[in-house]
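Listed below, chain by chain, are the residues.
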Amino acid sequence: MRILKIKVDLKIFLIIILYILTKNIKVFAISFIFILLHELGHAITGIILGLKIKKININVFGLSIEFENYGKERLNNKIIIDMAGPAINIITFIIAVIFKNEEIAYINILLAIINLLPIYPLDGGRIVKNLLLKSHNYKQVVGYTEKISKDTLIIITAISSIVILYIKNVGIFLVILYLWSIALKEWRKNQIIKRAFQAIQNNT
């Protein structure tokens, strides 16, 4: 019998405490609801494509879903699934604008923008990676994806640092910190992949 794995990142409890102390728990709660809606978009799209959920990761900014396989149209299915989450936030943003709910509109457009950044493993980074895999080999794509992620993070960090100085929003700092943490984790994985490719080349 297939067992669904659920992994909880304990840092989520530290973030909740921080939001409570800074009296931003309402914003966190609303954001969390729409992050779940975002991930539900990924999940439903995957199920529609006939995929099975393998793992659910509950982390600082909500949860992420992994599928067992992506079928024959692997790259196309991945791209469609990755686009589904931000699409849900954009649709919600439009609805919120129509009904003049500024708070919900702001949260959803922010979630859409953040997730569409070309930083792996965000949705935008995954989309870029899978598009590149259509015309480049895996080794090249690993290098391209890492460079795009680094350049984007440096630019975003520089801009955000200026913004934080003016509006003193702890939420922006947390987002940037989170983006760097997930990117650094992926770069460490990339180093292992690069060493593996180098070892193969040396043995041939």
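(A) Structural view of the pattern of salt bridges. This structure, assessed with the given rule, holds three salt bridges. Between Glu146 and Lys150 there is a salt bridge whose closest N-O contact spans 3.0 Å. Here Lys150 and Glu146 lie together in helix H6 (residues 138–167), a separation of four residues that amounts to about one turn. Taking the relative accessible area as the measure of exposure, Lys150 reaches 35% and is therefore partly exposed. Taking the shortest distance from any N to any O, the salt bridge between Glu186 and Lys189 comes out at 3.6 Å. Here Glu186 and its partner Lys189 are both found in helix H7 (residues 170–202), three residues apart, which amounts to about one turn of the helix. For Glu186, a relative accessible area of 13% puts it in the buried group. For Lys189, a relative accessible area of 41% corresponds to the partly exposed category.

Rules used in this analysis
- Residues numbered from 1 in each chain as written.
- Predicted model: local features only at pLDDT ≥ 70, side-chain atom pairs only at ≥ 80, totals over all residues.
- Heavy atoms only, no water.
- Salt bridge = Lys/Arg side-chain N within 4 Å of Asp/Glu carboxyl O.
- Helix = DSSP H or I, 4+ residues; strand = E, 2+ residues; numbered from the N terminus.
- Buried < 20%, exposed > 50% of the residue type's maximum accessible area, 1.4 Å probe, protein only.

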